[in-house]
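# Notes for the structure review
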Amino acid sequence: MNDNCIAAYYKIISLRIEEGKLLLEKEKATNPGNDMPYFLENYIDFITLFISEDKDMFDKIKSNMDSRLKKFKNSDVNSPFYLYTQADIYLQWALVRIKFKEYFSAAIEIEKAYKLLNENKKRFPDFIANNKGLGLLHAISGAIPENYKWVASMVGVKGTINQGVGELKELLEKVNNSDCKFMHDEIFFILVIVEWNLQKDEEDAAKLMLHQEFITKDNPFFVLAKAKIAMKTGHNDEAINVLMNRPKGKELLPFHYLSFMTGIAKLNHLDIDASNYFVEYINNFKGSNYIKTSWQKLAWIALINNDSSNYKTLIKHCIDAGDDAVDEDKDALKEAKTGSIPNIKLLKARLLCDGGYYQKSIEQIAGMTSRDFPKLKDQLEVTYRMARIYHLTKDFSKAIEYYEITLAN
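A brief report on the enclosed structure follows. Computed from a predicted structure; not experimentally measured. (Residues numbered from 1 in each chain as written. Predicted model: local features only at pLDDT ≥ 70, side-chain atom pairs only at ≥ 80, totals over all residues. Heavy atoms only, no water.)

When helices and strands are tallied, the protein shows 24 helices and zero strands. Relative to the 2.2 N^0.38 estimate, which gives 22 Å for 409 residues, the radius of gyration of the protein is 24 Å and therefore close to what a compact globule would have. If one aligns the C-alpha atoms of the protein with their principal axes, the spans along those axes are about 75 × 40 × 40 Å. Buried residues in the protein amount to 51% of all 409 residues. Put simply, of all contacts in the protein between residues at least 6 apart along the chain, 61% involve residues at least 24 apart. Counting every atom, the protein has about 20,300 Å² of accessible surface; 52% of that belongs to carbon and sulfur. Charge separation in the protein, taken as the distance between the mean sites of 55 positive and 57 negative side-chain charges, equals 3 Å. (Helix = DSSP H or I, 4+ residues; strand = E, 2+ residues; numbered from the N terminus. Rg over C-alpha atoms; globule rule 2.2 N^0.38 Å. Buried < 20%, exposed > 50% of the residue type's maximum accessible area, 1.4 Å probe, protein only. Contact = heavy atoms within 4.5 Å. Areas by Shrake-Rupley, 256 points an atom, 1.4 Å probe, with all protein chains shown as cover. Lys, Arg positive; Asp, Glu negative; His and termini not counted. Charge placed at Lys NZ, Arg CZ, Asp CG, Glu CD.)

Asn236, Ala239, Ile240, Val242 and Leu243 are the residues of helix 14 (residues 236–244) that are buried. Buried positions in helix 14, seen along its axis, are confined to an arc of 165° and lie on one side of it. Lining the buried residues of helix 14 we find helix 13 (220–232) and helix 15 (257–268). (Arc of directions from axis to C-beta.)

Topologically, Leu172 is positioned in helix 10 (residues 161–174). A relative accessible area of 16% places Leu172 in the buried class.

Right, let's get into a nonpolar patch on the surface. A cluster of nonpolar side chains, namely Trp150, Val151 and Met154, defines an oily patch on the protein surface of about 310 Å² accessible area. Relative to the elements of secondary structure, Val151 occurs in helix 9 (residues 149–154). (Patch = residues over 30% accessible without salt bridge, like charges linked within 9 Å, V, L, I, M, F, W, Y side chains within 5 Å. Salt bridge = Lys/Arg side-chain N within 4 Å of Asp/Glu carboxyl O.)

Quick look at the pattern of salt bridges now. Scanning the entire structure with this criterion turns up 21 salt bridges. Between Glu102 and Lys62 there is a salt bridge; the shortest N-O distance is 3.2 Å. Pair noted here: Glu102 is in the loop between helix 6 (81–99) and helix 7 (103–123) and Lys62 is in the loop between helix 4 (55–61) and helix 5 (64–72), with a separation of 40 residues, a long-range link. With a relative accessible area of 27%, Lys62 lands in the partly exposed category. A salt bridge links Lys174 to Glu170, with the nearest nitrogen and oxygen atoms 2.8 Å apart. Of this pair, Lys174 and Glu170 both sit in helix 10, four residues apart, which is roughly one turn of the helix. One network of salt bridges, with partners in common, ties together Lys55, Asp59, Lys62, Arg97, Glu102 and Glu109.

The next thing to look at is the nonpolar core. Looking at soluble globular proteins, one finds that nonpolar side chains tend to be buried together. Membership of the largest hydrophobic core comes to 117 residues, with the highest contact counts inside it found for Leu40 and Ile47. At eleven residues, the largest contribution of residues to this core is made by helix 6. With near-sequence residues (within four places) excluded, Leu40 lies in contact with Met1, Cys5, Tyr9, Ile12 and Leu24. Membership of the second largest hydrophobic core comes to twelve residues, among which are Ile362, Phe373, Met386 and Ile389. (Core = buried A, V, L, I, M, F, W, Y, C linked by side-chain atoms within 4.5 Å.)

Let's shift gears to helix 3 (residues 36–52). Taking 1.5 Å of rise per residue, the 17 residues of helix 3 would be expected to cover 24 Å, and the 25 Å separating its terminal C-alpha atoms lies within 8% of that figure. The buried fraction of helix 3 is high, at 16 of 17 residues. Directly beyond the C-terminal end of helix 3, a positive phi value near 55° is found at Glu53. (Expected span 1.5 Å × (residues − 1).)

Encoded structure:
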């Protein structure tokens, strides 16, 4: 992993793929005996497929995994990178296969990755990079619900979320004083995502993202993490700022999910121009996730504009467009099938609450009575929304009062 490969690696993980490819070609020409460029090319395939969800591309290039692994058979078996790179390739392709619902193949590759990492840890106990894959797999294993634990057992992975987070934190602390210090940013990003998605420690994840060293990181993955955490912790304006000022340009691999996120953050502020970002996502994203959700949000924007007729037209797209693998898309499909138009005041209150604009959310429904909300469902949502707002603002006595009213009704 020489200076040229490290430079290529940084380009690749910041989505400057073509620049990274040029550096790898230069390395191949200069040092034809170095197999590291082929490992880094796998990063290109992994990142490109993971964020694009392009099924045609996946079918076209998935054979790259076998050709790279075959090439590594002639590499230096005495290098700690020998088994590590093979394990990482298996793990990367497993994560991609899960995206494309090839679960059986993914399980086999996770098993292989786990065995190789454990073997490498026995051979090279001081090679701390092993903890990147092991920490991630242990955390994922610990997050699997009890009735699905057999899946993890089948592939031989055993661990807990705390174990995985601990391994990743230890790795982050030690990596800068090791031969793997180039991996610092990647490890940091994985740790933030694990803490936020699996451990549900939003406060700890937020502290990590506020670390001064990462405030100015010019990397779309850090934009993703910062914006997600800002939105989750009630700092929607900060999320909008981060997303609107994210790095852009033709030299960057398109990351259309960031457009979707911008639409969500803008909509939480009740900005009507949020529609531009959902349309951009629908028109450019080659995958199927969050397409239904985008159509639902476009329908909501029409409703906020008091255009119930256009709402009915737009919400119908949720039935046929995209997939319903993620919860948000399931909710969009359910709303489309009910044929019931959401209450505008409650919709605004919900969006403002999601954005952390709690006082404005209360103002949408304050002083209104059951006459203003003739449907029982909407009456329940009013008291539930008040409970959520007081809960999020840590006014627990009022939160409990409104939760009890909701349960009683």
